[in-house]
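Each chain, written out:
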Amino acid sequence: MTIKSVLLSFILLALPMAGANAHHSYAAYDMSKKVMINGTVSEIQYANPHTWLFVVVPAEGGKAVTWAIEAGGPNILSRQGWKANTLKAGDKVNALIHPFKDGIRKGGSLEALQLPGARTIGTWKP
Amino acid sequence: MTWTAHGLEELHFEKVKQMKSTHIARAAIATFLLGAAPCLAKAETAKAPTAKVAVPDISGLWTPVGSSVDITGGINSTGADATPSGIGPPFGSMPTLKGKYLESFQKRKKMLEGVGSEFKTSCKVLGMPTVMVGPYAVEVMQTPTQINWAQEYLRETRRFYLDGRSHPDSEENPPTFEGHSTGRWEGDTLVVETVNIRQETTLGESGHADDALGHSPKLRIVERIHLIPGDKLQVDGTVEDADSLIKPWHYTLAFSRAPKGDEFMEYVCEDNNAETIDPSTGAEITTIPERRNITPPKP
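Counting from 1, residues in each chain are numbered in the order their sequence is written. The naming scheme follows written order: chains are lettered A onward, ligands numbered 1 onward. This being a predicted model, a pLDDT of at least 70 is required before a residue's local features are given, and a value of 80 or more before pairs of side-chain atoms are given or counted; all residues contribute to the totals for chains, interfaces and linings. Hydrogens and water molecules were not included; the side-chain quantities draw on all heavy atoms of the structure.

Caption draft 1: Representation of the packing of aromatic side chains in the model. Residue and element names in this part refer to chain B. Here is the rule: rings of Phe, Tyr and Trp (six-membered ring for Trp) pair when centre to centre is within 6.5 Å. Planes less than 30 degrees apart are stacked, more than 60 are edge-to-face, and the remainder are tilted. For the coordinates displayed, the defined rule picks out 8 aromatic pairs over all chains. One aromatic cluster is present, built from ring pairs that chain together Phe 91, Trp 249 and Tyr 251. Put simply, a charge is over a ring when the Lys NZ or the Arg CZ is close to the ring centre, within 6 Å, and near the line of the ring normal, within 35 degrees. Taking NZ or CZ as reference, Arg 165 lies 3.7 Å from the ring centre of Tyr 161, over its face.

Caption draft 2: Representation of the pairing of strand β2 (residues 60-64) of chain B. Residue and element names in this part refer to chain B. Throughout this description, buried means an accessible area under 20% of the type-specific maximum (1.4 Å probe, protein chains only), exposed means over 50%, and partly exposed covers the range between. Secondary structure follows DSSP: runs of H or I at least 4 residues long count as helices, runs of E at least 2 residues long count as strands, and numbering of each begins at the N terminus. Here β2 lies mainly inside the structure; 4 of its 5 residues are buried. When DSSP finds two or more bridges between a pair of strands, those strands are recorded as paired. Pairing between β2 and strand β3 (residues 138-142): 3 bridges, direction antiparallel. Across the sheet, the residue bridging to Leu 61 is Glu 139, located in β3.

Caption draft 3: Representation of the side chain of B:Ser256 within the structure. Residue placement: B:Ser256 occurs in strand β10 (residues 249-257). Throughout, a residue-residue contact means that at least one pair of heavy atoms, one from each residue, lies within 4.5 Å. Beyond its immediate chain neighbours, meaning those up to four positions away, B:Ser256 contacts B:Leu61, B:Trp62, B:Thr63, B:Val65, B:Asp70, B:Thr72, B:Asp231 and B:Lys232.

Caption draft 4: Quick look at the side chain of A:Ser78. With respect to the helices and strands, A:Ser78 occurs in the loop between α2 (74-77) and β5 (92-99). Excluding anything up to four places from it in sequence, A:Ser78 contacts A:Tyr46, A:Lys83 and B:Met265.

Caption draft 5: Inspection of the pairing of strand β3 (residues 51-57) of chain A at higher detail. Residue and element names in this part refer to chain A. Within β3, 6 of the 7 residues are buried, leaving the element largely enclosed by the surrounding structure. Judged from the 5 bridges that link them, strand β2 (residues 35-45) and β3 form a sheet pairing that is antiparallel. Bridging across to β3, Thr 40 finds its partner in Val 56. Pairing analysis gives 7 bridges linking β3 to strand β4 (residues 65-71), with the strands arranged antiparallel. Following the sheet pairing, Phe 54 is matched in β4 by Ala 68.

Caption draft 6: The arrangement of the nonpolar core in detail. What is meant by a nonpolar core is a set of buried Ala, Val, Leu, Ile, Met, Phe, Trp, Tyr and Cys residues, joined one to another through side-chain atoms within 4.5 Å. Among the nonpolar cores identified, the biggest contains 41 residues, and B:Trp149 and B:Leu190 are the most heavily contacted of them. Put simply, the parts of the chain that give this core at least two residues each are α3 (99-114), β3, β4 (146-151), β7 (189-195), β8 (220-228), β9 (232-240) and β10 of chain B. The leading source of residues in this core is β10(B), at 4 residues. Dropping the residues within four chain positions of it, B:Leu190 is found in contact with B:Ile58, B:Ile147, B:Phe160, B:Leu162, B:Arg184, B:Trp185, B:Glu223, B:Arg224 and B:Ile225. Grouped together as the second largest cluster of nonpolar side chains are 18 residues, A:Val41, A:Val55, A:Val57 and A:Ile97 included.

In C-alpha cells:
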C-alpha cells in the first residue's frame, strides 16, 4: 500500500459536506461540466451518508443506460422536501449532474433535480 | 481495510478564569432542592435568591448559516452541488502557525494538493475546534449546570459543565477530541473554556493531523456564545497555543434557528454506501450495482 494509493482512496471516497463555509471534495466528478439526464427512476437508496438515485435513460436504437447519481444524505434532502417516499421506481425525473471525470462510469453528483409535480431540489441552471 | 472520506471544514478562542462558585451554580442547586425540572431552569434561576438575571435560553436546533441544511437561510441544496474549491477557510480565517506545527500543516497541504483535494477525513470525530464548523444541524440542550452541543454530522457531542468544577488534571486524564469544557454565564453571554484536546485535531482545517502535530498540548479555546438579532446564535472563538501559534487566532461563526418542527437527524458515517476503494488492492468495493467491478482510473 503506497501513500499515493491511500490518498487516492481518500479522495475518491470523499463524501460531500457542507459547512458554514461550504467545503466539498468532488475529485471523482468534473464539477465544471453539467449533464442533463431525463429518464425513469429504477432504484433509490435514500440512506446515510449519501443518497443514490438510479435513472434509466433510453439510448437511441440501443440499450438503455442507467446513470448512478449521488446526492446528500436524508438529513439534507428531507429538509429540502425530498422525503423517503417522494420518489419511487417508475417516476420520470430530470436531473442535472456533474459527471464522473473518468468518462467510463455513467453517473455523477447531483446539481439539481426536478421532482415530478413538486419543487426543484438544488439550483437548475443547465 | 475500507476507507471512507468526508468533506472537511475548519474553526477559533479567548481567555477566561477558572469557574468557581457562581450565581448560576448556586441557583442550580436551589433549583434541584426545589425539585424543579431542568427545563424550567431559566425561570427557576430567576427566582433563586442568589441569581441576579435570567440567562438566555439557547436550547434548540440550530443550523450553520449558509450550510446545506440552512432552511431558515433559504438554502436549496442537493448536498452534492458544491464547487470543489469551496469558498474559503472553513472558519473564515486561518491561524498563524509556527515551528513543527506549521511544517506539519504545509506537509498536509502539499500532499492533498498533489492529489487534487483540499482535505482528507474519515469517520473519526472531528474534535475541537473542527466540530464547530461541522456541516449539519446542531442541537443545544441547556440546563443550569450543563449544556450539551451536538453536531448532527457523526453525532458528535460536546459537554459544557457549568457547575463550577475545574478542568481535571491533564497528567491524570488523557486528552480527548472534544477536550474538557467548563462554562459560565457573563450576562447574556455563555463563556466556554476548552482544554486537554488531542493533538490530531487541527486549527483552521477540516481534517485531522495524522502526525498529531495539529497543535500543542497547551491548546486552549475560549468561546463566547450569544444570541444575536434575527434569532441567530453567534460563536466568537479565541484560540491560544503558545507553542503552535504566533498569536491568538480568532474566528466568528453563526447559526440560524431551525424551523419549528425540525428535528436532529441521524447521520451515520459508518453506514457507508459511497464509492469505496480498497487501498490495499485498488479494487472497488461498493454497493452501487452500476459501479461494481470497474477498474478505478489510474492516478
